[in-house]
Amino acid sequence: GHDLRTPSTRMRLRAEFVEDEEERRLWLTDLDELERIADSAILLVREESGKTSPETLRLDTLVTGIAGELKDQNLDVTVTGTQTVSVRAGKLALSRALRNLMINAATHGRQATVSVADADGADGAVAQVIIEDEGPGIPPELLYRVFEPFFRVDPGRRQNIAGAGLGLTIAREIVQRAGGDIKISNRNGGGLKQVVELAKVEEQAAVKDAAE
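Criteria and thresholds
- Residues numbered from 1 in each chain as written.
- Predicted model: local features only at pLDDT ≥ 70, side-chain atom pairs only at ≥ 80, totals over all residues.
- Heavy atoms only, no water.
- Helix = DSSP H or I, 4+ residues; strand = E, 2+ residues; numbered from the N terminus.
- Buried < 20%, exposed > 50% of the residue type's maximum accessible area, 1.4 Å probe, protein only.
- Contact = heavy atoms within 4.5 Å.

Colleague: Looking at this structure, I do not really get unusual backbone geometry. What am I missing?
Modeller: As a rule of thumb, non-glycine residues mostly have phi less than zero, and peptide bonds are mostly trans rather than cis. For N74, which is not a glycine, the phi torsion comes out positive at approximately 70°. Mapped onto the elements of the fold, N74 is located in the loop between α3 (59-72) and β2 (77-82). Since its relative accessible area comes to 72%, N74 is described here as exposed. Despite not being glycine, R110 shows a phi value in the positive range, around 75°. Secondary-structure assignment places R110 in the loop between α4 (91-108) and β4 (112-121). Judged by relative accessible area, R110 falls into the exposed class, the value being 56%.

Written out as structure tokens, the structure reads:
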């Protein structure tokens with residue numbers, strides 16, 4: 001990622017001297033995407049190598065706060081319901097993961113509806129963040145690839161939407177490091193459903209941790 005920056009800068013300077021306006025615009029658009037990919041690759045490596053101490057977090061409070069921030073940025077994100085539930089994770093990292101998923105739903109899926117649930121998982125009680133959108137979904141034969149780095153459903157790469165195709169990869173890395181997982185599926189009525197599952201922290205443990 002760092003190595004790409006120097007030649008990218010040189011190419012950008014040369015592109016500015018291209019006389020044909022449309023040709024110059026195309027060069028600069030491609031260079032913008034190249035730089036986004038480089039920056040995202042660096043971020044992914046930092047996520048994989050970085051270590052943050054986990055803490056007890058009120059998941060419903062965290063989700064509501066992130067959704068409010070994104071709404072202030074004119075993204076269509078609505079919290080439809082929450083249950084009080086706590087988890088153990090690094091706050092900054094988990095916030096980044098949830099933000100990536102909500103942005104993904106609000107941009108590619110036109111709007112995002114988010115809820116937080118106290119549910120029963122295969123290994124006991126779990127906390128769930130459910131993010132649904134109204135977009136076109138993903139072809140079933142491509143669903144298994146959604147967490148691959150740089151994967152894009154649209155072969156045209158949708159230049160009108162910023163990003164390098166690493167948002168889901170980074171989100172899953174963070175959630176799995178916290179002992180959870182992300183499941184993505186197509187909704188029956190259309191659109192995409194993203195479900196984050198993390199181990200639930202019982203109230204007594206959460207109160208004790210907060211006191212300490």
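Colleague: I keep staring at the environment of I182 and nothing clicks. Help me out?
Modeller: Tracing the chain through its elements places I182 in strand β6 (residues 181-186). A relative accessible area of 4% means that I182 is categorised as buried. Separated by 14 residues in sequence, I182 and V196 place their C-alpha atoms 4.5 Å apart. For I182, the residues in contact, after removing those within four places along its chain, are L101, F147, A171, R172, V175, V195 and V196.

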